[in-house]
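Coordinate analysis (summary)
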Amino acid sequence: HGAISSMVGMEKNVLVMTGSGRAVVLDSRSGNELAQWASPTKFKVSKVAWLGDGRVLLGGSSIVMVDSTTGARLGKWIGHATPVISLSSSEQYFCSAATGDRTVAVWSTRKKASVAHISLNHPVAVVSMARVSSAAEERYQVVAVTLSGDIHVFKYSSGSGQAVEWARSDG
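Keep in mind the model is a prediction, meaning the values are calculated, not measured.

**Let's talk about the pairing of strand β7 (residues 63–67)**
- Taken across its 5 residues, β7 has 4 buried, putting it largely inside the fold.
- Bridge count between strand β6 (residues 55–59) and β7: 5 bridges; the pairing is antiparallel. Note on β7: the bridge partner recorded for Leu-58 is Val-64.
- Linkage of β7 to strand β8 (residues 73–77), two consecutive antiparallel strands, is achieved through a turn of 5 residues, within which Gly-71 is found at a positive phi near 85 degrees.

**Description of the sheet that holds strand β13 (residues 124–131)**
- Strand order across the open sheet formed by 4 strands is β13-β14-β15-β16, with antiparallel pairing between neighbours. Each edge of the open sheet carries a strand with a single partner, namely β13 and β16 (162–169). Looking at each pair of strands side by side, their axes are set apart by 20 degrees on average, direction ignored.
- Across 7 bridges, the pairing between strand β14 (residues 139–146) and strand β15 (residues 151–157) is antiparallel. By the bridge assignment, Tyr-140 is partnered in β15 with Tyr-156.

Cut-off values and rules
Residues numbered from 1 in each chain as written. Predicted model: local features only at pLDDT ≥ 70, side-chain atom pairs only at ≥ 80, totals over all residues. Heavy atoms only, no water. Buried < 20%, exposed > 50% of the residue type's maximum accessible area, 1.4 Å probe, protein only. Helix = DSSP H or I, 4+ residues; strand = E, 2+ residues; numbered from the N terminus. Pairing = 2+ DSSP bridges. Axes fitted to C-alpha atoms, helices over the stretch in contact; angles between N-to-C directions.

So, in structure tokens, the structure goes:
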């Protein structure tokens with residue numbers, strides 16, 4: 001299959017992307033191959049993230065949502081000038097950062113669009129996203145670590161569409 005470029009755990013399975021653009025879905029218990037498909041993108045996939053409900057995000061020069069069983073393309077997001085280096089999802093939203101970016105983009109899978117941009121002082125190394133909602137409001141926590149070691153924690157509210165810095169630790 002070639003060298004592994006990225007992989008992600010998906011409930012009971014693992015999706016492995018190869019450098020040659022093939023996706024292999026494996027049963028995490030037995031290691032048996034469940035599916036295999038060619039990436040529906042023209043770009044090299046550098047990052048993958050599990051969305052749930054059988055959907056996976058493939059990140060490269062753009063971000064594509066695919067069905068993890070068939071590889072069928074379900075959506076596409078364009079917004080980074082350089083390849084995606086970090087991708088994290090939480091239900092109906094996901095965040096991403098690209099090589100050299102000082103920005104974290106927050107995207108909606110429902111709207112198929114960017115819903116917020118978080119500007120930082122240094123290029124981003126890695127991002128993470130988790131749902132932290134209450135019954136009254138759908139909220140998400142976005143964590144960004146910069147190449148200089150700074151850690152930024154933001155709260156994103158789908159109601160207001162705003163990402164507000166909640167905590168910070170300078171590296």
